[in-house]
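# A structural walkthrough
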Amino acid sequence: MRKNILSLILFFICINAFSQSHNLDSIYSCLDNEIIHANKYVAKKKAVINILKRQLEKASDNTLKYAVCYQLYEEYKPFENKMAMYYLERCRHIAVLINNRNNVNECLARLSLCCSNTGLYDEAEKFLLQINVDELSKSGLVVYYQAQYMLNNQLAYYTSVESMKPIYNNKATEFQNKLLACLPIHDNYRYQVLELKLISEGRMHESMKLNTEWLHHVKKGSHKYAMMALFRYLEYKAVRDTANMMYWIAESALADVRNGVMDQGSMWEIANQLEESGDIERSYHYITFTSDCANVYDSRQRRWQISPLLARIAKKYKTESEHKNNQLLMAALFSALLAFMFLVSVFYVNSQRKRLALTGRKLKFSNAQLHDINSKLSELNRQLASSIAKLGESNRVKEEYIGRFMGLCSLYVDKIEDFRRMVNKRVKNRQFEELFKETRSTSLKEKELDELYTNFDDAFLHLFPTFVEEFNALLLPEERIMLTDDGHMPVSLRIFALIRVGIEDSSKIAEFLHYSVNTIYNYKARVKNSAISDREDFERRIKKLGAQNND
């Protein structure tokens, strides 16, 4: 026994190693969505049934009526048991009319199957007792064996009398063997019976192999596929492979929903498993759907199965709902408290924001005033710096010219002394004619003026070495004024040099240069007309020339 269990575990480990992992959340979501649209599949089922009913109304031949009634039975069999039995009864009635004893007995066997499937075991047995086995064909015998196997298997499972259980089991085994001997190898019902037999005997390796063979002979999504998936679920459940078993029971339930099946055994099973795993909400959703389907199918057996599970799940669902409602209430109270605190915070923040805004406005006004004061102070500093610079420049000019003035005064004192001696000598020697000639000539004045201007030019160019270059930058290229060959300034340049050192009055300039005032005006006008920029601003710009070199 232990060797068999070990072999079984190793087998399923191998299967799991090669199988794809199933996303249960995905298939549950798909199943939830299909349940929502279940009415669409039911409507499709009813449309097929209505077509068959119209065909039945038009059928005049009993053989055709039998065929259509049998088709209606097949459509109603997983959908509404009461109607399935109704059309089987019509089939039996037609078979009696046409004296087809095999069909009469086969219909009785199928009626027994309908009763066994819904828990009507007494009725199932009574239908079987009416059957004359000798009148059955080979296919009819298969249905008879199937009905006997189903009834005894169900009785063995549900009986509460222990002494009857082995009797029912023996009879079920007897008809199981007869059934397996008659059924074709790939028959859907043969797979069901044989797989149940292998599972009950613990031969899991063989049963899984058989189920895989069955999988290859059914169309995915069909009602037969749903049955195969249900048995595959039983395989995995036997070895406690939770992920795979839940996947395949969900596949089975999904196929049943899409086929409009009302006998929702797989949905009941999945609800049961989810309830055990603690997923109460989804379990409640599925068992409610199963209960609604069972009411349509009208199966006493299914209601027996559903009622205790539904009550248990409903109780847990109610408890869980109350717990969630309590949590929601606490959350609502907590949210209300948070909202109140939020409002208080908003009020406080708003008041603080207003205070900050008022303070900000005051600070902004103070900053504006401070900025204005700083601007004025900066302007005063700039003016002070400019005044200091001008004062420094003026001091340097004064120092330069005072020094030269003192030198010239000393030089002129010496010249006057020399001139006095010369005059005294001429007078003493009575050289009046020579003395007259020398004092009459203007060459002495011109020589002294040239020396004065030379001294002025040297002093000015020493103080403002870039003056000439900057001055010419203000004039048109062809009108620029250059120094003479001996490095002295022409009259026009000397006029603006005097303006640069602060002598702006034309009469004073004329007196210094020994020209008339009109001549000075003409010189100035000629130079201004040669300016590149505005001539009205010319003299102001002259006063700033060379300033950067005097820092």
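Everything here concerns the structure above.
Here is a short report on the structure shown in this document. (Residues numbered from 1 in each chain as written. Predicted model: local features only at pLDDT ≥ 70, side-chain atom pairs only at ≥ 80, totals over all residues. Heavy atoms only, no water.)

### Topic: the overall build of the protein chain
Scanning the protein chain from terminus to terminus reveals 23 helices and 0 strands. Each of the 551 residues in the protein chain was classed as buried or not, and the buried ones make up 38%. Long-range pairs, those at least 24 residues apart, make up 63% of the contacts in the protein chain with a sequence separation of at least 6. In the structure as shown, the protein chain presents an accessible area of about 32900 Å², 57% of it carried by carbon and sulfur atoms. (Helix = DSSP H or I, 4+ residues; strand = E, 2+ residues; numbered from the N terminus. Buried < 20%, exposed > 50% of the residue type's maximum accessible area, 1.4 Å probe, protein only. Contact = heavy atoms within 4.5 Å. Areas by Shrake-Rupley, 256 points an atom, 1.4 Å probe, with all protein chains shown as cover.)

### Concerning the environment of Tyr-297
By secondary structure assignment, the location of Tyr-297 is in helix H15 (residues 280-297). Put simply, Tyr-297 and Lys-82 are 215 residues apart on the chain and 7.5 Å apart in space, counted from C-alpha to C-alpha. Beyond its immediate chain neighbours, meaning those up to four positions away, Tyr-297 contacts Lys-77, Pro-78, Phe-79, Glu-80, Asn-81, Lys-82, Asn-117, Thr-118, Met-262 and Asp-263.

### Looking at the packing of helix H5 (residues 81-97) against helix H6 (residues 101-117)
Across the interface, H5 lies against H6 with an axial gap of 8 Å and an inter-helix angle of 165°. Classified by the angle between their axes, H5 and H6 sit roughly antiparallel to one another. When you trace H5 past H6, the crossing you get is left-handed. For the pair H5 and H6, the contacting residues are Asn-81, Met-85, Leu-88, Glu-89, Cys-91, Arg-92, Ala-95 and Val-96 in the first and Asn-103, Val-104, Cys-107, Leu-108, Arg-110, Leu-111, Cys-114 and Cys-115 in the second. (Axes fitted to C-alpha atoms, helices over the stretch in contact; angles between N-to-C directions. Parallel < 35°, antiparallel > 145°, perpendicular 65-115°, else oblique. Left-handed = near helix turned anticlockwise from the far one by under 90°.)

### Side note on the pattern of salt bridges
Going through the model one piece at a time under the given rule, you end up with 20 salt bridges. As a salt-bridge pair, Lys-77 and Glu-74 come within 3.5 Å of each other at their nearest N and O atoms. On the basis of relative accessibility, which here comes to 31%, the residue Lys-77 falls in the partly exposed class. With a relative accessible area of 31%, Glu-74 lands in the partly exposed category. (Salt bridge = Lys/Arg side-chain N within 4 Å of Asp/Glu carboxyl O.)

### Section: the nonpolar core
Core analysis: the largest hydrophobic core is formed by 92 residues, its most contacted members being Leu-31, Met-267, Ile-270 and Tyr-286. When neighbours within four sequence positions are excluded, Leu-31 is seen to be in contact with Ala-253, Leu-254, Val-257, Met-267, Ile-270 and Tyr-286. Counting 30 residues, the second-largest nonpolar core is a separate cluster that includes Tyr-453, Val-468, Met-489 and Leu-513. (Core = buried A, V, L, I, M, F, W, Y, C linked by side-chain atoms within 4.5 Å.)

### With respect to helix H9 (residues 165-182)
Along its 18 residues, H9 runs 26 Å from first to last C-alpha, staying within 8% of the 26 Å computed at 1.5 Å per residue. Turning to H9, its buried residues number three or more, namely Tyr-168, Ala-172, Phe-175, Gln-176, Leu-179 and Leu-180. Buried positions in H9, seen along its axis, are confined to an arc of 140° and lie on one side of it. Turned more than 90 degrees from where H9 packs its buried face, Asn-170 and Ala-181 sit exposed. Buried residues along H9 sit against helix H8 (138-158) and helix H10 (188-200). (Expected span 1.5 Å × (residues − 1). Arc of directions from axis to C-beta.)

### Points about unusual backbone geometry
One non-glycine residue with positive phi stands out, namely Asn-99, at about 60°. Tracing the chain through its elements places Asn-99 in the loop between H5 and H6.

### A word on the side chain of Glu-470
Residue placement: Glu-470 occurs in helix H19 (residues 467-473). The side chain of Glu-470 sits in the buried core without any salt bridge; Arg-500 is the nearest counter-charge, 7.2 Å away. A polar contact of 2.9 Å, which involves the side chain of Glu-470, links it to the side chain of Thr-466. (Lys, Arg positive; Asp, Glu negative; His and termini not counted. Polar contact = N/O pair within 3.5 Å; in protein donor to acceptor, adjacent residues only side chain to side chain.)

### Overview of the packing of helix H7 (residues 121-129) against H8
Between H7 and H8, the shortest axis-to-axis distance is 11 Å and the interhelical angle comes to 150°. Classified by the interaxial angle, the pair formed by H7 and H8 is roughly antiparallel. Like other packed secondary-structure pairs, H7 and H8 cross with a definite hand, here left-handed. Note on element contacts: H8 touches H7 through Tyr-144, Ala-147, Gln-148, Leu-151, Gln-154, Leu-155 and Tyr-158, opposite Tyr-121, Ala-124, Glu-125 and Leu-128. Here the residues of the contact of H7 with H8 sort into 8 nonpolar, 2 polar and 1 charged. (Nonpolar A, V, L, I, M, F, W, Y, C, P; charged D, E, K, R; others polar.)

### As for the packing of aromatic side chains
Taken as a whole and assessed by the stated rule, the structure comprises 22 aromatic pairs. Centroid distance Phe-456 to Phe-460: 6.0 Å. Interplanar angle 20°. Geometry classified as stacked. Pair noted here: Phe-456 and Phe-460 are both in helix H18 (residues 443-463), with a separation of 4 residues, about one helical turn. Assessed through its relative accessible area of 6%, Phe-456 is described here as buried. Accessibility expressed as a relative area gives 0% for Phe-460, which makes it buried. With centroids separated by 6.2 Å and ring planes inclined at 65°, the aromatic side chains of Tyr-515 and Tyr-523 adopt a geometry described as edge-to-face. Every member of this aromatic cluster is reached through a ring pair, and the members are Tyr-453, Phe-456, Phe-460, Phe-464, Phe-467, Phe-471, Phe-496, Phe-512 and Phe-538. It is Arg-232 that lies over the ring of Trp-248; its NZ or CZ is 5.1 Å from the centre. (Phe/Tyr/Trp six-rings, centres within 6.5 Å; stacked < 30°, edge-to-face > 60°. Lys NZ or Arg CZ within 6 Å of the ring centre and 35° of its normal.)

### Brief notes about a nonpolar patch on the surface
On the surface, a nonpolar cluster with roughly 590 Å² of combined accessible area is contributed by Phe-334, Leu-337, Leu-338, Phe-340, Met-341 and Val-344. Considering the arrangement of structural elements, one finds Leu-338 in helix H16 (residues 300-428). (Patch = residues over 30% accessible without salt bridge, like charges linked within 9 Å, V, L, I, M, F, W, Y side chains within 5 Å.)

### Brief notes about the side chain of Ser-506
For Ser-506, the location among the structural elements is in helix H21 (residues 506-513). Judged by relative accessible area, Ser-506 falls into the buried class, the value being 4%.

### What to know about the environment of Glu-74
Looking at where Glu-74 falls in the secondary structure, it is placed in helix H4 (residues 62-76). In sequence terms Glu-74 and Leu-88 are 14 residues apart; their C-alpha atoms lie 9.3 Å from each other.

So far we have only geometry, and geometry alone does not tell us how the molecule works.
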